[in-house]
Amino acid sequence: MELAPSPVAAAAGRELHVSGSAELSAGPDRARVSVRLGSRKGAAGAARSSVSRRLEYIAHSARHRGVPEENMTVTEDFSRLENTYQMEAEVSIIFSDFGKMQNVCNLLTEKLGTSVTISPPHFYHTPEAIDALRRQVCVAAVGNTRQKAQEVCRLVGQSLGKPLLIREEETKEWGGHTDSQQPNSPDSLTLQERILNATAYASCRVFAVFEIKGKENRRKKLL
């Protein structure tokens, strides 16, 4: 990002060159939970029916707590093993409200018990959340740079004018998870530890050139 100086302003010759930086963080804005279940019966219909009833309860519980249909994905696998039929299913649920996520998981654990396996939540950032973090840290760096320039001007008895040049010199990003990443956190981590592990960080350093106004110019402007 660079704002070019105007010819008139550049000709003034009274400039202040200053650099500044900022660092911000953003917690994950999404969490994905997988619920696995299965049934092995002598009759194909019994195996399907056992899984279907639980799938319906899982979907109803999530919808009842505000999870939209498009945030739930169901995959099913039906196979025959020797003289029995096996039905397996997995429900992937994406949450934007982590409180609702905990409520749904607690309810399924209470009502369905060991008949389902609930994975630890995978926290991640949407692309929109990362873009917002990038914008915010850049704006914060520019604000810090301008504040530094104002303090320097006050120190030497001058008045800060308009910016003649603003250039983004360096940006860094670290941490954070994406939806496509495979969860690799130990199951023993607490919810808050998982959120902290998925937190994204960004830093930005900018260089700026400001016009300097003398005390007389500022006094005339007030008059």
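As a reminder, the structure under discussion sits directly above these lines.
Overview of the structure. (Residues numbered from 1 in each chain as written. Predicted model: local features only at pLDDT ≥ 70, side-chain atom pairs only at ≥ 80, totals over all residues. Heavy atoms only, no water.)

**Comments concerning the nonpolar core**
Membership of the largest hydrophobic core comes to 27 residues, with the highest contact counts inside it found for Val35, Leu37, Ile58, Ile93, Phe95, Met101 and Phe123. Among the secondary structure elements, those contributing two or more residues to this core are strand S3 (30–41), helix H2 (44–64), strand S5 (84–95) and helix H3 (98–112). The residues contacting Met101, other than those within four sequence positions of it, are Ala31, Val33, Phe95, Pro121, Phe123 and Leu191. (Core = buried A, V, L, I, M, F, W, Y, C linked by side-chain atoms within 4.5 Å. Buried < 20%, exposed > 50% of the residue type's maximum accessible area, 1.4 Å probe, protein only. Helix = DSSP H or I, 4+ residues; strand = E, 2+ residues; numbered from the N terminus. Contact = heavy atoms within 4.5 Å.)

**Focus: the side chain of Thr199**
Within the element layout of this structure, Thr199 appears in the loop between helix H5 (191–197) and strand S9 (200–213). By relative accessible area, which is 9% here, Thr199 ends up buried. Of note is the side chain of Thr199, whose polar atom sits 3.0 Å from the backbone oxygen of Ile195. Look past the residues within four positions of Thr199 in its chain and what remains in contact with it is Ser25, Ala26, Gly27, Pro28, His125, Trp174, Gly175 and Gly176. (Polar contact = N/O pair within 3.5 Å; in protein donor to acceptor, adjacent residues only side chain to side chain.)

**Regarding the packing of aromatic side chains**
Scanning all chains against the criterion turns up three aromatic pairs. Ring centres of Phe98 and Phe123 lie 4.9 Å apart, and the angle between their planes is 75 degrees; this geometry places the pair in the edge-to-face category. You can see Phe98 sitting in helix H3 and its partner Phe123 sitting in strand S7 (residues 122–124), a full 25 residues away along the chain. On the basis of relative accessibility, which here comes to 1%, the residue Phe123 falls in the buried class. The interplanar angle of 10 degrees and the centroid separation of 5.8 Å between the aromatic rings of Trp174 and Tyr201 together place this pair among those described as stacked. Of the two residues, Trp174 is situated in strand S8 (residues 159–175) and Tyr201 in strand S9; the sequence distance between them amounts to 27 residues. Given a relative accessible area of 36%, Trp174 falls into the partly exposed group. With a relative accessible area of 25%, Tyr201 lands in the partly exposed category. Over the face of the ring belonging to Phe78 we find Arg48, whose NZ or CZ atom lies 4.0 Å from the ring centre. (Phe/Tyr/Trp six-rings, centres within 6.5 Å; stacked < 30°, edge-to-face > 60°. Lys NZ or Arg CZ within 6 Å of the ring centre and 35° of its normal.)

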